[in-house]
Amino acid sequence: KAVGDRQANGCREVFFELNGLPRVIEVAEEAASDELSMAKEKADPSDEGSVGAPMAGQVIDVTVKPGQDIKAGSPLIVLSAMKMETTVSCPCDGRVTHVAVQTKDNVAIGDLLVIVEST
């Protein structure tokens, strides 16, 4: 008769009647368990080169690759949320050492996007 919201453990409560008695069972969602196991790295706010997502959204474009030299202010990632695009720029001169996202990834605020080693 009713399905509850997804819980932190990836299960939903399903409410129904059986032989006139109300019943509740927990059902594991396979899609939810996949999402839970793929937790994203978070950016380190104390590290200037650890670039995090300024907003929740979807990655539209990744403009850098590991090993690439980059200048402060250069575009790193383009994010989209509610049809509004935001370009995430490099905070310092340096070399890209790690790109944590790819096109079509969904990110939350603070998720790690790129690590830039300052030069």
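Scroll up a little and you will see the structure.
Position labels on residues start from 1 in each chain and follow its written sequence. In keeping with the model being predicted, local features are shown solely for residues with a pLDDT of at least 70 and side-chain atom pairs are shown and tallied solely at 80 or more, while totals for entire chains, interfaces and linings include all residues. Calculation of side-chain values draws on the structure's entire complement of heavy atoms; hydrogens and water are dropped beforehand.

Q: What exactly am I supposed to notice about the overall build of the protein chain here?
A: Of the regular secondary structure elements, the protein chain holds one helix and 11 strands. Counting from the N terminus, the helices are the DSSP runs of H or I reaching at least four residues and the strands are the DSSP runs of E reaching at least two. Starting at the N terminus and walking to the C terminus, you meet the elements of the protein chain as β-β-β-α-β-β-β-β-β-β-β-β. Every accessible area reported is derived by Shrake-Rupley at a probe size of 1.4 Å, with residue values counting cover from the shown protein chains alone. Carbon and sulfur atoms form 52% of the exposed surface of the protein chain, whose accessible area is close to 7,800 Å².

Q: So what exactly am I meant to see when it comes to the pattern of salt bridges here?
A: Opposite charge on two side chains makes pairing possible when the charged atoms of those side chains draw close. For this analysis, a salt bridge means a side-chain nitrogen from Lys or Arg found within 4 Å of a carboxyl oxygen belonging to Asp or Glu. Taken as a whole, this structure holds two salt bridges when the rule is applied. Of the charged contacts, one joins Lys42 and Asp111 as a salt bridge, the two residues approaching to 2.6 Å between their closest N and O atoms. Pair noted here: Lys42 is in the loop between helix H1 (30–37) and strand E4 (50–52) and Asp111 is in the loop between strand E10 (106–107) and strand E11 (112–118), with a separation of 69 residues, a long-range link. Its relative accessible area of 51% is what places Lys42 among the exposed residues. Exposure is judged per residue with a 1.4 Å probe applied to protein chains only, and the accessible area is read against the type maximum: over 50% gives exposed, under 20% gives buried, and values in between give partly exposed.

Q: Looking at this structure, I do not really get the sheet that holds E11. What am I missing?
A: Strand pairing in a sheet takes place through backbone hydrogen bonds and is either antiparallel or parallel in direction. Read across the sheet, four strands follow the order E4-E11-E9-E6 without closing on themselves; strand pairing throughout is antiparallel. Each having just a single partner strand, E4 and strand E6 (69–70) make up the two edges of the open sheet. Think of it this way: DSSP has to see at least two bridges between two strands before they count as a pair. The pairing of E6 with strand E9 (residues 94–99) spans two bridges and is classified as antiparallel. Its bridge partner being in E9, Asp69 is matched across the sheet by Arg95.

Q: What is the right way to look at the sheet that holds strand E2 (residues 11–18) in this model?
A: The antiparallel open sheet is built from three strands, whose spatial order is E1-E2-E3. The outermost strands of the open sheet, each flanked by one partner alone, are strand E1 (2–3) and strand E3 (21–28). Alignment of E2 against E3, held across eight bridges, turns out to be antiparallel. Within the sheet, the bridge partner assigned to Val14 lies in E3 and is Ile25.

Q: It is not clear to me how the side chain of Ser80 should be interpreted in this structure. Could you clarify?
A: When you line up the elements, Ser80 lands in strand E7 (residues 75–81). Judged by its relative accessible area of 18%, Ser80 is buried. Throughout, a contact is declared for two residues whenever any of their heavy atoms are within 4.5 Å. Excluding anything up to four places from it in sequence, Ser80 contacts Met55, Gly57, Gln58, Ile60 and Glu85.

Q: What exactly am I supposed to notice about the environment of Pro66 here?
A: Position of Pro66 among the secondary structure elements: in the loop between strand E5 (57–62) and E6. Along the backbone, Pro66 and Arg95 are 29 residues apart, and their C-alpha atoms lie at a distance of 7.8 Å. If we ignore the near neighbours within four places in the chain, the residues touching Pro66 are Val96, Thr97 and Val99.

Q: Looking at this structure, how should I read the side chain of Asp105?
A: Topologically, Asp105 is positioned in the loop between E9 and E10. In this structure Asp105 comes out as buried when scored by relative accessible area, which is 19%. Setting aside its immediate chain neighbours within four residues, Asp105 contacts Gly57, Gln58 and Val59.

Q: Hey, could you run me through the nonpolar core in this one?
A: Soluble globular proteins tend to bury their nonpolar side chains together. By nonpolar core is meant a set of buried Ala, Val, Leu, Ile, Met, Phe, Trp, Tyr and Cys residues that side-chain atoms within 4.5 Å join together. Within the largest apolar cluster, 20 residues are counted, with the highest numbers of intra-cluster contacts made by Leu76, Ile77, Leu79, Leu113 and Val114. At the level of secondary structure, the elements contributing two or more residues to this core comprise E7, E9 and E11. Looking at this core element by element, the count peaks at four residues for E7.

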